[in-house]
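# Notes for the structure review
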Amino acid sequence: MHSSWLPVFEGLSAEISAVRGFLKAETIAGRKWLPEPSQVLRAFTHPLDRVKVVIIGQDPYPTPGHSVGLAFSVAPGVDPPRSLVNIYRELQSDLGVDPPSHGDLNPWAEQGVLLLNTVLTVRSGASGSHRGHGWEQITRAVVAALTNRPEGAPVAILWGKDAQAYGSGFDPRFVITSPHPSPLSARRGFFGSRPFSHTNELLQQQGLTPIDWELA
């Protein structure tokens, strides 16, 4: 975690303690959870004041070997999951970017895109299993820190109802919403929503450098 995030998390000692207790209980019960402990807070590797865009997802991929601590991203060498394939499909439709063969979204994070799930851990093989155990309060505090910083609120891309529940915490002028890119909902309005070009337009309106969404 970058040091600029420490004041945010230091003010969440009770919430973090509750989450740690829950994860310890999961481990003691023999229930494996993802991602690896060293990657749980990976989204906060880069400075708080450099965040220009926040993409909020739901919870990590429940498939072992997929979750890496960045929403929607997987490790190099892992085939992109179906939600990410749909994201790439919309990226191609929106900006003409050819879909990469990998699912590593770290180049976006390095440009100031915070890839944040509303819940940062999940039981292996059980999507949504760690909801309601304290992560949501931490996520809301992260959103508050972003919107109250001197640099102002980032552009927020909120895919799906879970992410959109955090929409009120952002400047409504810079919020982009659509259904989730999962195979169950992508055809209900995610496809054709053009979030990438819209985001860059909003960044340019603020005098900020647009994101290079192409992934080599």
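The sections below set out a description of the structure shown in this document. (Residues numbered from 1 in each chain as written. Predicted model: local features only at pLDDT ≥ 70, side-chain atom pairs only at ≥ 80, totals over all residues. Heavy atoms only, no water.)

### Thoughts on the pairing of strand β6 (residues 175-178)
Alternating positions in β6 separate cleanly, Ile176 and Ser178 being buried on one face and Val175 and Thr177 remaining unburied on the opposite face. Pairing between strand β5 (residues 155-159) and β6: four bridges, direction parallel. Bridging from a neighbouring strand, Ile157 pairs with Ile176 of β6. (Buried < 20%, exposed > 50% of the residue type's maximum accessible area, 1.4 Å probe, protein only. Helix = DSSP H or I, 4+ residues; strand = E, 2+ residues; numbered from the N terminus. Pairing = 2+ DSSP bridges.)

### What about the packing of aromatic side chains?
This structure, assessed with the given rule, holds nine aromatic pairs. Here Trp108 and Phe196 contribute two aromatic rings whose centre-to-centre distance is 6.0 Å and whose plane-to-plane angle is 55°, an arrangement assigned as tilted. Remark: Phe196 occurs in helix α7 (residues 195-205) and Trp108 occurs in helix α4 (residues 106-110); sequence separation between them is 88 residues. Exposure class is identical for Trp108 and Phe196. Each is buried. Between the aromatic rings of Trp108 and Trp213, the centroid separation amounts to 4.9 Å while the plane-to-plane angle is 85°, which identifies the pairing as edge-to-face. Of the two residues, Trp108 is situated in helix α4 and Trp213 in the segment after α7; the sequence distance between them amounts to 105 residues. There is no split in this pair, since Trp108 and Trp213 are both buried. Ring pairs connect the aromatic residues Phe72, Trp108, Trp159, Phe190, Phe191, Phe196 and Trp213, which therefore count as one cluster. Across from the ring centre of Phe191, 4.2 Å away, lies the NZ or CZ of Arg89, which sits over that ring. Looking at Arg140, its charged tip hangs above the ring of Tyr166, at a distance of 4.3 Å from the centre. (Phe/Tyr/Trp six-rings, centres within 6.5 Å; stacked < 30°, edge-to-face > 60°. Lys NZ or Arg CZ within 6 Å of the ring centre and 35° of its normal.)

### Some details on the nonpolar core
Trp5, Phe44, Ile55, Trp108, Leu114 and Trp213 are the most contacted members of the largest nonpolar core, which totals 61 residues. Only α1 (6-10), α2 (13-28), β2 (53-57), α3 (82-95), β3 (113-117), α5 (135-148), β5 and α7 provide two or more residues apiece to this core. Considering every element that reaches this core, the biggest residue donor is α5, with six residues. Ignoring any residue separated from it by four or fewer positions in sequence, one finds Trp213 in contact with Ile55, Leu91, Leu95, Trp108, Val113, Ile157, Phe196, Thr199 and Asn200. (Core = buried A, V, L, I, M, F, W, Y, C linked by side-chain atoms within 4.5 Å. Contact = heavy atoms within 4.5 Å.)

### Thoughts on the layout of surface pockets
Roughly 660 Å³ of internal volume is contained in the largest pocket. Around the largest pocket, the lining comprises 27 residues; the ones closest to its centre are Gln58, Ser83, His180, Ser182 and Pro183. Listed by contribution, the elements that provide at least two residues to the lining of the largest pocket are α3 and α6 (161-164). Take the lining of the largest pocket: its biggest share by element is three residues, from α6. Taken together, the residues that form the lining of the largest pocket break down as nine nonpolar, twelve polar and six charged. As a volume, the second largest pocket reaches approximately 260 Å³. (1 Å grid on protein atoms, 1.4 Å probe; cavity = no way out; pocket = protein on both sides within 12 Å on 5 of 7 lines; lining within 4 Å. Points joined across faces, edges and corners; volume = space filled by probe spheres on them. Nonpolar A, V, L, I, M, F, W, Y, C, P; charged D, E, K, R; others polar.)

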